[in-house]
Amino acid sequence: MSSEVPPGSEHLYMNVEHAEHPVAAAQEADAADAAQRYDHYIVRGPLFGIACQEVGDGHRWRVLNPVTGGFPQDARDSLNSFLWFRAKDDTDDRRVRRELLAAVARLETEPVNEVTAAGTRYRVVRCDEIVYGNSEGPEPPRPTDPEPADRSWDPNAKDPELDAGFVIDHTAATGVMEATERLALMGLHYRSPRYPQDVRADSLRALRTHAGIVLLPTAFRVLERTGAGWEPATAMLASPHAARRALVHLLTWPWPAVYEVPEDPERAGYARVAAEFRDAGDADSVRLDDGRELLVVRMRRVVRIGPDGPETARPSDEEEGGCGPSRMHPPMDEDGTIIQET
C-alpha cells in the first residue's frame, strides 16, 4: 500500500509483504485454501485483556496479559494486581510507587478502562472472538499452524502463554492473506436482533471510531456441539496440540467426575475415546458413545484500532453479575510497607 497516508487515517494503514520464506509461503497457500473452504464466520462475542504503551512506543501497544477474559472487570482486576505487585516488588522509588498505588486506588473504586502510572499507559483492550466455518462445521487447525517442539500429553505440561510478547501494531508487515482477512473484517459488527439495541448501536459506532483492524495470534479451543450450536468446552489455548491435550484431559477426568457416570463400563468408554484420540496424534474431533461431539477449532480475535490505538470496553459490554471494582490487596504506603488492617 502507498506510504502516503492522509492525516487522521494512520490507523487504517497496512504494510503488506509477499511471502518469500518457504514456511511463510506455505502458510499463505494454506490460508488461501482455507478462505475458499470456510466461507463464513460466526462472532462468538467480546473478550478483554490489558495492553500497555511506554514513552517512545509511538502507536504500538504491548499485550500485558492475554486478551481472553470474558468481562471488562476481569481485565481491570488483573491490572489492579499487576500494578499492586509492581509497587510492592519492582521499585524503590517513592514517587513511582505513589503513582502505581494511585492507579490501584482508581481501579479499586472506578470501572476505568485506562490508567497511566510512572510514564506507562495501561488500557483494557477489547476484541471480538470469531470462528470460520462452512456447512460441515467450524474450521479445525490448519496443517501449517505452529506446534510445540515437545508434544507432551502430560496435563501439567507448560505451553507458551497466548499473546506472550505480542505487539498491537497495525503497520507491522503482514502477508497478503492476512491483509485480505483484515480488510474483509473491517465491516464486522453485530447485526442480529438477538443482540440488545445498545450493543448493536455501540458495534455500529465502532466502525467509525475504530475503523482499523489488527488480528491477535491465532488461538485454539475445544468446542462441543449442542442444541444451540457449538459451545466452548475448554479455555482458549496457544497451539492445536495444547487444545488436543485439553480434550484428552477433559475425557480422562473432569467429564466422568462432573457427570457422575455410575458404571465402570461407561467410565471406560470415556477413557477409550481419550486413548484413541491421543493415539491418532493429530485428530481434531471425537464422537462419544452418548452422541456428544467435540471438535478442536481454530479461533480468530479481532481488535479494532482507532486514531488513539486499540478499542477499549464499550458502554454496552456486559459485566459478570453486575460485579464491579473492589479492593483486591491490602493497603501499602509509599515505602512499600503493607498496612495490616484490624
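Data block above holds the structure.
Please read all numbers here as calculations on a predicted model, not as lab measurements. (Residues numbered from 1 in each chain as written. Predicted model: local features only at pLDDT ≥ 70, side-chain atom pairs only at ≥ 80, totals over all residues. Heavy atoms only, no water.)

## What to know about the pattern of salt bridges
Here is step 1 of the chain: In this structure the tally under the stated criterion is 31 salt bridges.
Here is step 2 of the chain: A salt bridge links Glu-114 to Arg-123; the shortest N-O distance between them is 2.8 Å.
Here is step 3 of the chain: Of the charged contacts, one joins Arg-205 and Asp-202 as a salt bridge, the two residues approaching to 2.5 Å between their closest N and O atoms. Of the two residues, Arg-205 and Asp-202 both sit in helix H5 (residues 197-209), three residues apart, roughly one turn of that helix. (Salt bridge = Lys/Arg side-chain N within 4 Å of Asp/Glu carboxyl O. Helix = DSSP H or I, 4+ residues; strand = E, 2+ residues; numbered from the N terminus.)

## Things to note about the pairing of strand E11 (residues 229-232)
The two faces of a sheet get side chains in turn, since along a regular strand they alternate between them.
Here is step 1 of the chain: For strand E10 (residues 219-226) and E11, the ladder comprises four bridges, and the chain directions are antiparallel. By the bridge assignment for E11, Arg-225 is matched with Trp-230. (Pairing = 2+ DSSP bridges.)

## Let's talk about the environment of Glu-147
Here is step 1 of the chain: Tracing the backbone through its elements, the reader meets Glu-147 in the loop between strand E6 (137-138) and strand E7 (167-168).
Here is step 2 of the chain: Residues Glu-147 and Arg-300, spaced 153 residues apart in sequence, show a C-alpha to C-alpha distance of 17 Å.
Here is step 3 of the chain: At a separation of 2.9 Å, a polar atom in the side chain of Glu-147 contacts the side chain of Arg-244. (Polar contact = N/O pair within 3.5 Å; in protein donor to acceptor, adjacent residues only side chain to side chain.)

## Structural notes on helix H4 (residues 176-185)
Here is step 1 of the chain: Residues of H4 that are buried: Ala-179, Glu-181, Arg-182 and Leu-185. Along the axis of H4, the buried positions cluster into a sector of 160°, meaning they face one direction only.
Here is step 2 of the chain: Elements that come into contact with the buried residues of H4 comprise strand E1 (15-16), strand E2 (40-53), strand E5 (120-134), strand E8 (173-174), strand E9 (212-215) and strand E13 (293-306). (Buried < 20%, exposed > 50% of the residue type's maximum accessible area, 1.4 Å probe, protein only. Arc of directions from axis to C-beta. Contact = heavy atoms within 4.5 Å.)

## Quick notes on the packing of aromatic side chains
Each aromatic ring pair is described using two quantities: the centre-to-centre distance and the angle formed by the ring planes.
Here is step 1 of the chain: Going through the model one piece at a time under the given rule, you end up with four aromatic pairs.
Here is step 2 of the chain: Ring geometry for Trp-84 against Phe-85: centres 4.9 Å apart, planes inclined by 85°, an arrangement best described as edge-to-face.
Here is step 3 of the chain: With relative accessibility at 6%, the residue Trp-84 sits in the buried group.
Here is step 4 of the chain: What makes Phe-85 partly exposed here is its relative accessible area of 37%. (Phe/Tyr/Trp six-rings, centres within 6.5 Å; stacked < 30°, edge-to-face > 60°.)

## What to know about the side chain of Glu-129
Here is step 1 of the chain: Structurally, the position occupied by Glu-129 is in strand E5.
Here is step 2 of the chain: With relative accessibility at 3%, the residue Glu-129 sits in the buried group.
Here is step 3 of the chain: If we skip the residues at most four places from it in the chain, Glu-129 touches Ile-42, Val-43, Arg-44, Gly-45, Leu-47, Arg-221, Met-236, Met-299, Arg-300 and Arg-301.

## Here's the deal with the packing of helix H2 (residues 72-89) against helix H3 (residues 94-109)
Here is step 1 of the chain: One way to put it is that H2 packs onto H3 with a least axis distance of 9 Å and a crossing angle of 155°. When the axis of H2 is compared with that of H3, the two are roughly antiparallel. The two elements H2 and H3 meet at a crossing, and its hand is left-handed. Contact residues: H2 offers Arg-76, Leu-79, Asn-80, Leu-83, Trp-84, Arg-86, Ala-87 and Lys-88, while H3 offers Arg-97, Leu-100, Leu-101, Ala-103, Val-104, Leu-107 and Glu-108. (Axes fitted to C-alpha atoms, helices over the stretch in contact; angles between N-to-C directions. Parallel < 35°, antiparallel > 145°, perpendicular 65-115°, else oblique. Left-handed = near helix turned anticlockwise from the far one by under 90°.)

## A word on the environment of Pro-240
Here is step 1 of the chain: Examined against the element boundaries, Pro-240 turns out to sit in helix H6 (residues 240-252).
Here is step 2 of the chain: On the accessibility criterion, Pro-240 (1% relative accessible area) is buried.
Here is step 3 of the chain: As for Pro-240 and Ser-81, which are separated by 159 residues in sequence, their C-alpha atoms are 30 Å apart.
Here is step 4 of the chain: With sequence-adjacent residues up to four places away left out, Pro-240 is seen in contact with Pro-141, Asp-145, Pro-146, Glu-147, Phe-220 and Val-296.

Worth remembering: the numbers are spatial, not functional.
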